[in-house]
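So you can see what is in the structure, the chains are spelled out below.
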Amino acid sequence: MSDLKIYPPSAEFVARANVKGMDAYRELYDRARQDPPKFWSELASQELAWFRPFAQTLEWDPPNAKWFTGGKINACYNCVDRHAASERKTKPAIIWEGEPGDQRIITYEELQRLVSRFATILRQLGYKTGDRAVIYMPMIPEAVIAMLACARLGIPHSVVFGGFSAEALKARIQDLDAWVVITADGGWRRGKEVRLKDAVDEALLECPDVRNVIVYRRTGSAIPRKEGRDLWWHEQDEQFSGAQLVQMAETCPAEELDSEHPLFVLYTSGTTGKPKGILHTTAGYLLQTSMTMKWVFDLQEDDVFWCTADVGWVTGHSYVVYGPLTAGASVVMYEGAPDYPAFDRFWQIVEKYKVTVFYTSPTAIRALIRQGDKWPEAHDLSSLRLLGSVGEPINPAAWEWFHRVIGKGRCPIADTWWQTETGAIMIAPMPGVVPLKPGSATLPLPGIIPDIVDTRGVPVGDNREGFLIIREPWPSMVRTIWGDPKRFEEQYWSRVPGAYFTGDAARRDENGYIWVLGRVDDVMNVSGHRLSTMEIESALVHHPAVAEAAVVGKPHEITGQAVCAFVTLKKGDWDHTALGKELRQWVAHEIGPFARPEEIRFTDALPKTRSGKIMRRLLREIIASNGVTGDVTTLEDLTVVTALASQHDDD
Ligand code: WT7
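The numbering scheme is per chain: residues are counted from 1 as the chain's sequence reads. Where local features are concerned, this predicted model is filtered to residues with pLDDT of at least 70; where side-chain atom pairs are given and counted, the filter is 80 or more; whole-chain, interface and lining totals use all residues. Hydrogens are left out, water is left out, and the side-chain values use all remaining heavy atoms of the structure.

Colleague: Go over the packing of helix α4 (residues 75–84) against helix α6 (residues 141–153) with me, naming the residues and quoting the values.
Modeller: Orientation is described by lines fitted to C-alpha atoms, with helices fitted over the stretch in contact, and by angles between N-to-C directions that extend from 0 to 180 degrees. A run of H or I in DSSP becomes a helix once it reaches four residues, and a run of E becomes a strand once it reaches two; helices and strands are each numbered from the N terminus. α6 packs onto α4 with a crossing angle of 120° between their chain directions and a minimal axis gap of 7 Å. It follows that α4 is oblique to α6 by the angle criterion. Crossing angle aside, the handedness with which α4 passes α6 is left-handed. Every residue of α6 that contacts α4 at Ala75, Cys76, Cys79, Val80 and Asp81 is listed here: Leu148, Ala151 and Arg152. Across the contact of α4 with α6, the residue classes break down as six nonpolar, no polar and two charged. What sets the label is the angle itself: under 35 degrees gives roughly parallel, over 145 gives roughly antiparallel, 65 to 115 gives roughly perpendicular, and the rest give oblique. By definition, any crossing whose near helix is turned counterclockwise from its far helix by less than a right angle is left-handed, and any crossing with a clockwise turn is right-handed. Only heavy atoms enter the contact rule, under which two residues are in contact if any of them lie within 4.5 Å. Asp, Glu, Lys and Arg are counted as charged, while Ala, Val, Leu, Ile, Met, Phe, Trp, Tyr, Cys and Pro are counted as nonpolar; the rest, among them Gly, fall into the polar class.

Structural data, given as structure tokens:
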């Protein structure tokens, strides 16, 4: 890769960076590597506020890790109270921009009051430490307030992205056995209302254990209300009138919880049809999300940090809520879409709030490139000093554009590799130190020991492709799959004994830079969102017309990959055009609009091995090249492939 241009950090950036010079990085990395528990324990004592100090840094009984045992801590206290009690109390914690243009700026002091009031509401309704809550909200401050109020009481939450359907929501509520759902009447997206409460009502038809739905009024549209179960957030809040009640509500104490107390469960797609509930716990997660704010985003007191992710994804958990707030940052939060009302919405917000650090996805960048440079050029982006990218590999052309047109050549780009399971950023440049190569997430962060290995677990040499694994436990690692410890062990810890298997392929170059190449399993990456082929297949075969389905990712210029489904039908006289439309809609209804296949191909048969397994590799090749090059000797019936490959030319 020596022909690629290398970008060292600019002198201007280095001058004020937290960590500068390769020696500083090496020193930090080597110290962490020599004695990881010592390294992390020093940071944990310094960076976090403890009710009781921890006794032991790490209990590691692979695959089970316990970090900072014996300690008592609270995530909400760390994110809110300790800042509200400091000179940060009047500093904006959340700078919120609603889609229709409304705005709210909430200081740390105000956030403490709002969170305490909502925690008091939950407590008065009888919810307590260990009960579970599902949060299904638009991108409004109340989503963060609900998360933090749960954390304050020790109620693990599961945020379900507002784009998920009632079906998907139901499955998550049931798997978690949540008793309370926190939602809104709706949210705004591209000028239209997304009706969240309707989806909740549909989901709850099959969730008899849910006792309450607390509804925040956002759009003001009429919604049905189930007596005894459904409560308006504002009505609950109105009971706190008079100085004494207000005082009581606003001083709701933060529970003193164990370091390993479950903080949240976030469902993510795996290789089977059933999403996995990824469990994160308290102290280790807070430590690593906040440390990466300093290492990767070079966080400084006057930064205005904007991560464009929705709080329904892990990026939103770690870099809209827990990481930046633990670190005491000002966070920008935006309700709507990047292209509404016009293609300069992002740049307008950067200019309006003088955003200094801007973190987004390659898909968003590629979609905006297409609209031309005039949109960013119409805005003053001089407040920006650092850019970030996450969710999928960034292609060099998109990287260069981001660097040149948005960062004006001044701002380093942190390409950050991590996963729902890792909790925090794992591989990324420290921007004041590491010369950048477009398309590489560069070097591992301190305390992270990645390796690239072959199928037997043996390290491959430089510039060889292999499986990306992580060798040592890290504080923000996934603790288990909710309710399924066996799957946890099989999925992540059985491929290479003692090491964490990421499911990604990667290559390390002669400078030690890591190039993440993409998934090696049946997981697709569409717009930086993880989608399971099996999950979409099982949605499709639920449709009465479908006999069999096989789903593969197809290269896509903007979204990285797009969903393509091969479908065989039951006997009947089908109108393919109408049915194709219906099936796409069906998947949107079963999972969510973002999982809707871009293309449906009908076929008489699917290519299978002699043992009956669908050969997805072949289908991927057919889609990518309209031909097949690899070995097909195990294929049962070659005519199937020939028919599929030629189909494209016919339609
Ligand atoms: C998968 C994790 C964690 C943030 C959002 C996605 C891919 C993520 C990068 C990157 C190349 C990346 C990987 C990973 N991925 N970041 N910078 N370069 N690939 O979280 O849904 O858990 O997906 O996203 O394939 O395994 P997620």
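Colleague: Describe the nonpolar core, listing the residues and the values that go with them.
Modeller: Generally speaking, soluble globular proteins have nonpolar side chains that are buried together. What we call a nonpolar core is a set of buried Ala, Val, Leu, Ile, Met, Phe, Trp, Tyr and Cys residues that are connected through their side-chain atoms within 4.5 Å. Note on classification: 1.4 Å probe, protein chains only; a residue is buried when its accessible area is under 20% of the maximum for its type, exposed when over 50%, partly exposed between these limits. Of all hydrophobic cores here, the largest spans 125 residues; its most connected members are Leu148, Ile182, Trp295 and Tyr322. Residue contributions to this core peak at ten residues, all from α6. Excluding residues that lie within four positions of it along the chain, leucine 148 makes contacts with Cys76, Cys79, Val80, Leu111, Val115, Val321, Tyr322 and Leu325. Tyr136, Tyr267, Leu531 and Ala565 belong to the second-largest nonpolar core, a separate cluster that totals 48 residues.

Colleague: Can you tell me about the state of the cysteines, naming the residues and giving the values?
Modeller: Here, two cysteine sulfur atoms that lie within 2.5 Å of each other are counted as a disulfide. In total, this model carries zero disulfides according to the counting rule given. Looking at the unpaired cysteine 411, the closest cysteine sulfur is the one in cysteine 307, lying at 17 Å.

Colleague: Account for the side chain of aspartate 344, with residues named and values stated.
Modeller: Mapping aspartate 344 onto the fold places it in the loop between β17 (330–334) and α13 (345–353). By the counting rule applied here, Lys and Arg register as positive and Asp and Glu as negative, while His and the ends of each chain are not counted. Think of a salt bridge as a Lys or Arg side-chain nitrogen and an Asp or Glu carboxyl oxygen that are within 4 Å of each other. Of the side chains with opposite charge, arginine 345 lies nearest to the buried aspartate 344, which makes no salt bridge, at 7.2 Å. Setting aside anything within four residues of it in sequence, one finds aspartate 344 in contact with Trp375 and His379.

Colleague: So, the packing of aromatic side chains: which residues are in play, and what are the values?
Modeller: Planes of paired rings set the category: under 30 degrees apart is stacked, over 60 is edge-to-face and the rest tilted, where pairs are Phe, Tyr or Trp rings (Trp by its six-membered ring) whose centres lie within 6.5 Å. For the structure on display, the rule yields 41 aromatic pairs. Plain terms: the ring middles of phenylalanine 164 and tryptophan 313 are 5.9 Å apart, the flat faces sit at 50° to each other, and that makes the pair tilted. Linking phenylalanine 164 in the loop between β7 (157–159) and α7 (166–176) with tryptophan 313 in the loop between β16 (304–307) and α12 (314–326), this pair joins segments that are 149 residues apart in sequence. A relative accessible area of 9% means that phenylalanine 164 is categorised as buried. Taking relative accessible area as the criterion, tryptophan 313 reaches 16% and is therefore assigned buried. With 5.3 Å between their ring centres and 80° between their planes, tryptophan 474 and tyrosine 500 make a pair best called edge-to-face. Separated by 26 residues along the polypeptide, tryptophan 474 in the loop between β22 (465–470) and α17 (485–493) and tyrosine 500 in strand β23 (residues 500–508) bring together distant segments of the chain. Take tyrosine 500: its relative accessible area is 1%, and that puts it in the buried class. An aromatic cluster of at least three residues, connected via ring pairs, comprises Trp60, Trp474, Phe488, Tyr492, Trp493 and Tyr500.

Colleague: Can you explain the sheet that holds strand β21 (residues 450–453)? Please cite residues and give values.
Modeller: Sheets are built from strands paired through backbone hydrogen bonds, the pairs being either parallel or antiparallel. Note on pairing: two strands pair once DSSP finds at least 2 bridges between them. Taken in spatial order, the four strands line up as β21-β22-β23-β24 in an open sheet, and their pairing is antiparallel. A single partner strand is all that each edge strand has here, and the edge strands are β21 and β24 (514–519). Put simply, the sheet's adjacent strands are angled 45° from each other on average, direction ignored. As paired elements, β23 and β24 share five bridges and run antiparallel to each other. Bridged to alanine 506 within β24 is valine 516.

Colleague: Can you explain the pattern of salt bridges? Please cite residues and give values.
Modeller: For the structure shown, the criterion picks out 48 salt bridges. For the salt bridge of lysine 170 with glutamate 206, the shortest nitrogen-to-oxygen distance reads 3.4 Å. In this pair, lysine 170 sits in helix α7 while glutamate 206 sits in the loop between α8 (196–204) and β11 (212–216), placing the two residues 36 residues apart along the sequence. Overall, the relative accessible area of 12% leaves lysine 170 in the buried class. For glutamate 206, a relative accessible area of 45% corresponds to the partly exposed category. As a salt-bridge pair, arginine 519 and aspartate 521 come within 2.7 Å of each other at their nearest N and O atoms. Accessibility expressed as a relative area gives 23% for aspartate 521, which makes it partly exposed.

Colleague: With reference to specific residues and values, describe unusual backbone geometry.
Modeller: Each neighbour pair has its own omega, and for proline 62 with proline 63 the value is 5°, a cis peptide bond. With respect to the secondary-structure elements, proline 63 resides in the loop between β1 (56–61) and β2 (64–69). Cis geometry is found at the peptide bond from tyrosine 340 to proline 341, where omega equals 0°. Residue position: proline 341 is located in the loop between β17 and α13. Not every positive phi belongs to a glycine, and asparagine 463 is a case in point at roughly 60°. With respect to the helices, strands and loops of the structure, asparagine 463 is situated in the loop between β21 and β22.

Colleague: Which residues make up the pairing of β22, and what are the values?
Modeller: Counting buried positions over the six residues of β22 gives five, a clear majority of the element. Bridge count for β21 against β22 is four bridges, and the pairing is antiparallel. Each residue of the ladder has a partner; that of valine 453, found in β22, is phenylalanine 467.

Colleague: Describe in detail α17, supporting the description with residues and values.
Modeller: All buried positions along α17 are accounted for by Arg487, Phe488, Tyr492 and Trp493. Residues of α17 that are buried make contact with β1, β2, β15 (276–281) and β23.

Colleague: Before we move on, could you go through the environment of methionine 534 and cite the residues and values that matter?
Modeller: Relative to the helices and strands, methionine 534 resides in helix α18 (residues 533–541). By relative accessible area, methionine 534 is classed as partly exposed at 31%. Residues methionine 534 and aspartate 522, spaced twelve residues apart in sequence, show a C-alpha to C-alpha distance of 7.5 Å. When near neighbours in sequence (up to four residues on either side) are disregarded, methionine 534 contacts Thr271, Thr272, Gly273 and Arg616.

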